[in-house]
Amino acid sequence: MNDSIFHYHNGSLYAEDVDLMTLTDEVGTPCYVYSQGRAVGNLKRLQTAFPDAEIHYSLKANANLALVRALIDAGAGLDAVSGGEIYKGVQAGALPGDIVFAGVGKTEQELRYALDMGVGWFNVESGHELARLARLAQQMHKRPRVCLRINPDVQADTHQYISTGHAAAKFGIPLGEARDLLEKHAESDSVAVEGIHTHIGSQLGAVDQTAEAIKTVLPLLDEYSDLKTLNIGGGFPVSYTGEVVPSVEEFASTIRSVLAGRDLHLIIEPGRYVVADAGALIVEVQYIKHASGGVIVVTDGGMTELIRPALYGATHEVMTLHDPSSSEFVKSLVVGPVCESADILRAEVVLPAPQPGDRLAIMDVGAYGAVMGSNYNARPRPPEILVNTDDWRVTRRRERYEDLIALEE
Ligand SMILES: Cc1ncc(COP(=O)(O)O)c(C=O)c1O
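Residues numbered from 1 in each chain as written. Predicted model: local features only at pLDDT ≥ 70, side-chain atom pairs only at ≥ 80, totals over all residues. Heavy atoms only, no water.

Student: Mind showing me how you'd approach the pattern of salt bridges here?
Tutor: Side chains that differ in sign of charge can pair as their charged atoms come close. Per the stated rule, a full pass over the model turns up 18 salt bridges. Residue K106 pairs with E129 through a salt bridge whose shortest N-O separation is 2.6 Å. Here K106 is found in the loop between β7 (99-101) and α5 (108-117), whereas its partner E129 is found in helix α6 (residues 127-139), with 23 residues between them in sequence. The residues K106 and E129 share a single accessibility class, namely buried. Here the salt bridges share partners, and the residues they tie into one network are E108, R112, R132 and R135. (Salt bridge = Lys/Arg side-chain N within 4 Å of Asp/Glu carboxyl O. Helix = DSSP H or I, 4+ residues; strand = E, 2+ residues; numbered from the N terminus. Buried < 20%, exposed > 50% of the residue type's maximum accessible area, 1.4 Å probe, protein only.)

Student: Help me understand the pairing of strand β13 (residues 279-291) in this model?
Tutor: Direction of pairing for strand β4 (residues 31-35) relative to β13: antiparallel, over a ladder of four bridges. Within β13, the residue paired with C31 across the bridge is I282. Where β13 lies against strand β18 (residues 359-363), five bridges are found, and the strand directions are antiparallel. Within β18, the position partnered with E284 by the bridge is R359. The sheet contact formed by β13 and strand β14 (residues 294-299) spans six bridges and is antiparallel. (Pairing = 2+ DSSP bridges.)

Student: For this particular structure, what's the right way to read the pairing of strand β19 (residues 384-388)?
Tutor: On a regular strand, each side chain points to the face opposite its neighbour's, so the side chains alternate between the two faces of the sheet. Across the five residues of β19, four count as buried, placing the element largely inside the fold. In this sheet, β19 lies alongside β4 in parallel orientation, the contact comprising four bridges. The residue of β19 that forms the bridge with Y32 is E384. Between β19 and strand β20 (residues 391-396), which follow one another and run antiparallel, lie two residues, and T389 among them has a positive phi close to 50°.

Student: In this structure, what is going on with helix α3 (residues 65-73)? I would like to understand it.
Tutor: Given 3.6 residues per turn, any residue in an α-helix points the same way as the ones three and four places further on. For α3, the set of buried residues is A66, L67, V68, A70, L71 and I72. Where α3 terminates, the next one or two residues include G75, which has phi positive at roughly 110°.

This is the structure:
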């Protein structure tokens, strides 16, 4: 959360220079609001911390076309994990050559599409995938650039569901098998294996395991002279509730010292760090129910708009749209209308005594918010609004009931 982007002014919560009360009077709730200035600012901070790296923004965090376009304009390449993300990235204005294609289960159709589009890198996660890619590339008279994603068997300091670099994880290739693949494909006419990829998880709580992962894969880069690129993925954390997390500058200096003396081309794939604190989900209180020791605040937004609390036990700060400075406070459980007991937006938060009709901002929802949304309970998806200083626009309209049945025959 960053108070300079979401801040109180004249008794009301603002995003940049836009009054969110006025905005939501117009577009309704629930809605997502993104600050273009904050997202581009976060990208710039990464560009400064990693001046020599190629930065591929990870679309999985937030694939809103207008927001992605702003990031591309500010110099980002993209990281896509499906054919659909490649399509969206190109629609947002990316050159296919500036897209890396990752993912553990790329289908034949997706690989063909990516080859046809001419994506810049294929991050390959298994021997079978490399064989399939080589066969398709040969058929299509292409020679794609490949990074082998290595599983370094490192336990990241994060939630188990987003820890990807330990031996039991489905991601990446064990070191020994990678050596065999490098030998086998060294002289290949159909694939150019030119890099190593490793990504140990998201929302990393410490830098040490990243250093460990890089040290694990460095021998490969030293042994095979064709390997001139190291892609270390994403994972740079944000502080959701004021907790201390390592800064991107700490990651950069640790990585620099591990790589000292080597002339490697570095790629990073940040997602969360770029967009998390650029976004909020605005919901409206529908009902208040009294519970032991506090109140249950039933809002019009829930796990269909933000699943992170239900999925990972994640905690997001909550702000009121009216300045709370003079209110009474009450212990609150903020929930949605979805028919699941896990439909909680925020457990145990002290709020200025909420009333039906009050609007709340669930903070740091820019990453893994809308993209993980669903139509469960036949709930139309909310609109996405992009704020740029004192200007704002609806970049994705609210779904209508007709949209819910549009694909059914
Ligand atoms: C391979 C890869 N790259 C990049 C990312 C983006 O991660 P984050 O949003 O934590 O930066 C992920 C997400 O887990 C990933 O799996």
